[in-house]
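Observations on the three-dimensional arrangement
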Amino acid sequence: MKKRNRLRAMKKRQRMMVLAVVAWIVFGALAALAIVARETDESGSVTVQVTPAALSREAEAGEALFEANCRACHGPSAAGTALGPPLIHDIYNPGHHSDEAFYLAVATGVRQHHWPYGDMPAQSQVSRAEVGQIIRYIRELQEANGIVAKSY
Ligand code: HEC
């Protein structure tokens, strides 16, 4: 009789352990989902909060050029839209996407590779010198948002 009680108690403890493990896995999965959902809407596009920066003169010129040529897809303050990714994003830190990547993107366009938006068409109406100013704008905004060069 006593032995059976002990056995029952042990089985109960085992069930509790299994329950705890299952609860832990479910909780972990939900937490991971919540993180993904915060950044991504159902189309997979990403937008970010951008802290404004005190811009240099060159970056201000770049801002106007960005507004005219890039904002439609990359969004206000390069925060992203449903048509293009945020450029104020760690993926585009200077160590991962150098200035040359920006010149190249504007001159020749970009094949879809990082995101689900499709290709970026070349923006050949924008001169290389103008891209230089846009880069200043993006880099100053990136820095104000804690995005700095990392080596890969
Ligand atoms: C018609 C929409 C559109 C316009 C306009 C546009 N872009 Fe893009 N851009 C995209 C998309 C979409 C991507 C992401 C491609 C990928 O990685 O999947 C992209 C990617 C980029 C990249 C990353 C390149 C790389 O090597 O991964 C840079 C830099 C960039 N754009 C800069 C610009 C600048 C600067 C302008 C304005 C002169 C601009 N874009 C205008 C849609 C656009």
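A brief look at the structure comes next. (Residues numbered from 1 in each chain as written. Predicted model: local features only at pLDDT ≥ 70, side-chain atom pairs only at ≥ 80, totals over all residues.)

Section: the overall build of the protein chain
- Per the secondary structure count, the protein chain includes five helices and zero strands.
- The linear arrangement of helices and strands in the protein chain, starting from the amino end, is α-α-α-α-α.
- Within the protein chain, buried positions represent 22% of all 152 residues.
- The long-range share in the protein chain, meaning contacts at least 24 apart out of those at least 6 apart in sequence, stands at 72%. (Helix = DSSP H or I, 4+ residues; strand = E, 2+ residues; numbered from the N terminus. Buried ≥ 20, exposed ≤ 12 C-beta atoms within 10 Å, placed from the backbone. Contact = placed C-beta atoms within 7 Å.)

Examining the site of the ligand
- Contacts to the ligand come from 25 residues, most closely from Cys-70, Cys-73, Gly-84, His-114 and Met-120.
- Those elements giving two or more residues to the shell around the ligand turn out to be helix H3 (71-74) and helix H4 (99-108).
- Broken down by class, the residue content of the shell around the ligand amounts to 16 nonpolar, nine polar and no charged. (Near = placed C-beta within 6 Å. Nonpolar A, V, L, I, M, F, W, Y, C, P; charged D, E, K, R; others polar.)

So, the nonpolar core
- Core analysis: the largest hydrophobic core is formed by 17 residues, its most contacted members being Ala-78, Ile-88, Ile-134, Tyr-137, Ile-138 and Leu-141.
- Every element with two or more residues in this core is listed here: helix H2 (57-69) and helix H5 (128-144).
- Among the elements that line this core, the one with the most residues is H5, at six residues.
- Apart from the residues lying within four places of it in its own chain, the contact partners of Ile-88 are Val-48, Val-50, Ser-77, Ala-78, Ala-79, Leu-141, Gln-142, Asn-145 and Ile-147. (Core = buried A, V, L, I, M, F, W, Y, C linked by C-beta atoms within 7 Å.)

Points about the packing of H4 against H5
- Contact geometry for H4 and H5: axes closest at 10 Å, N-to-C directions at 130°. Relative to H5, the element H4 lies oblique. Pair H4 / H5 crosses with right-handed handedness. Seen from H4, the contacting residues are Asp-99, Phe-102, Tyr-103 and Val-106; seen from H5, they are Arg-128, Val-131 and Ile-135.
- Of the residues assigned to the contact of H4 with H5, the class counts are five nonpolar, no polar and two charged. (Axes fitted to C-alpha atoms, helices over the stretch in contact; angles between N-to-C directions. Parallel < 35°, antiparallel > 145°, perpendicular 65-115°, else oblique. Left-handed = near helix turned anticlockwise from the far one by under 90°.)

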